Amino acid sequence: MKPLVLIILVISLMTSCELVKQIDFEPDYDGGKIIAHGFISQNYGVQVQISKSVPSNDTHQSSYVPDVHVTLYADNFPVSNLNETDSCFFISPDSIILKEGVAYKIIITTKDYGTAESGEQYILPSIDIDSLIYRKDTINWKGEKLLYSFYDPENNANYYSFYYDAFHDEDLILSSKPDDSFILSYFDDRLFNGQKTWREESFYSTFYKFDTVHIVGRLFNISKEFKTFLESLKEYEYTKEDPFFEYTSPVFSNIKNGYGIFGSYTFSEKKITHIKPK
């Protein structure tokens, strides 16, 4: 190898070593904050998952929180201690009766990370699905759809989410429910406040394999805080896609002295059976 070529190669290697550097930073970390993902509903009572924040430069650190106690309050009065059924997953006892018009909140007490308190949530009324129809477009061949209707209560604002499951016998064969229960599609009643409305959901079936399919549609009535959380989560997912985005949108939290969401929802469901035509 000629001396000049060797010198150029050595300089190139030295320059590349200077350009490639390990990211070295010390993020602000306060030792860990309580994180709560919780919901209250007439359908499933209270369900809360507890964890703690970890440093952004050490995400492999355990988020487990030992010695946790979660208490449900109604109008600022303690009414029940939640039961831990799995590691840091808490539910309300079956005997509890939840009432509309009552301000519910949870207070989380830990040995090492202090106490966190949620915002208040109210039990929402169930909005019944009036009709649920499976329809296959055989004229324009635009696919299959589920059509559903319901009456919207006439008040300031309501927020909804809808998904379906399809079963053959007892086996789930199709679902529009996302894997992450915190990421739901949602819509509001601005265009049909106080009226009956029809909506449609795309439906991609494999009905040709089965003689009979049972379809279950669920309509969720969700609280404003739950809607705000989903809205902020959508903005967060969008802004985090580009690693060089100037600003990553924060996720809404209503947990004092911690992070997370305590939301409210109630759902109704309607079932139909589809039989393959002969």
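Structure shown above.
Criteria and thresholds
Residues numbered from 1 in each chain as written. Predicted model: local features only at pLDDT ≥ 70, side-chain atom pairs only at ≥ 80, totals over all residues. Heavy atoms only, no water. Pairing = 2+ DSSP bridges. Helix = DSSP H or I, 4+ residues; strand = E, 2+ residues; numbered from the N terminus. Polar contact = N/O pair within 3.5 Å; in protein donor to acceptor, adjacent residues only side chain to side chain. Contact = heavy atoms within 4.5 Å. Core = buried A, V, L, I, M, F, W, Y, C linked by side-chain atoms within 4.5 Å. Buried < 20%, exposed > 50% of the residue type's maximum accessible area, 1.4 Å probe, protein only. Axes fitted to C-alpha atoms, helices over the stretch in contact; angles between N-to-C directions. Lys, Arg positive; Asp, Glu negative; His and termini not counted. Salt bridge = Lys/Arg side-chain N within 4 Å of Asp/Glu carboxyl O.

### Considering the sheet that holds strand β8 (residues 115-118)
Spatial strand order, β4-β3-β7-β8-β16: five strands in an open sheet with antiparallel pairing. Pairing within the sheet leaves two strands with one partner each, and these edge strands are β4 (77-81) and β16 (255-256). Note that strand β7 (residues 104-110) and β8 share three bridges and pair antiparallel. Within the sheet, the bridge partner assigned to T109 lies in β8 and is T115.

### Points about the side chain of S161
By secondary structure assignment, the location of S161 is in strand β11 (residues 159-168). There is a polar contact of 2.6 Å between the side chain of S161 and the backbone oxygen of S185. Setting aside residues no more than four positions away along its own chain, S161 makes contact with L184, S185, F187, R218, L219 and F220.

### Describing the nonpolar core
In this structure, I50 and I108 are the most contacted members of the largest nonpolar core, which totals 23 residues. Contributions of two or more residues to this core are made by β1 (34-41), β2 (45-52), β3 (68-74) and β7. No other element matches the four residues that β3 contributes to this core. Beyond its immediate stretch of four places on either side in the chain, I50 contacts I34, I35, A36, V68, V70, C88, F90 and I108. Judged by nonpolar contacts, the second largest core, of 19 residues, contains F150, A166, F192 and V213.

### Points about unusual backbone geometry
Although it is not a glycine, N76 sits at a positive phi angle of roughly 70 degrees. Looking at the secondary structure, you find N76 in the loop between β3 and β4.

### Here we look at the pairing of β3
Regular strands show a simple pattern: their side chains alternate between the two faces of the sheet. Counting buried positions along β3 yields six of seven residues, so the element is predominantly enclosed. Here seven bridges tie β3 to β7, and the two strands are oriented antiparallel to one another. Counterpart to A74 in the pairing with β7 is Y104. Strand direction decides the pairing type here: β3 and β4, joined by four bridges, are antiparallel. Counterpart to Y73 in the pairing with β4 is P78. Between β3 and β4, which pair antiparallel one after the other, the connecting turn spans two residues, and D75 there sits at a positive phi close to 50 degrees.

### Some words on the sheet that holds strand β9 (residues 129-136)
One open sheet holds the three strands; their spatial order is β9-β10-β14, and the pairing between them is antiparallel. This sheet does not close on itself; its edge strands, each paired only once, are β9 and β14 (196-203). On average, adjacent strands in this sheet sit at an angle of 20 degrees to one another, irrespective of strand direction. The pairing of strand β10 (residues 144-151) with β14 spans eight bridges and is classified as antiparallel.

### Structural notes on the side chain of D165
In this fold, D165 is placed in strand β11. This buried residue, D165, is left without a salt bridge; R218 holds the nearest opposite charge, at 5.9 Å. In terms of polar contacts, D165 uses its side chain to reach the side chain of S175, at 2.5 Å. Non-local contacts of D165, meaning those with residues more than four positions away in its chain, are made with L172, L174, S175, H214, I215 and V216.

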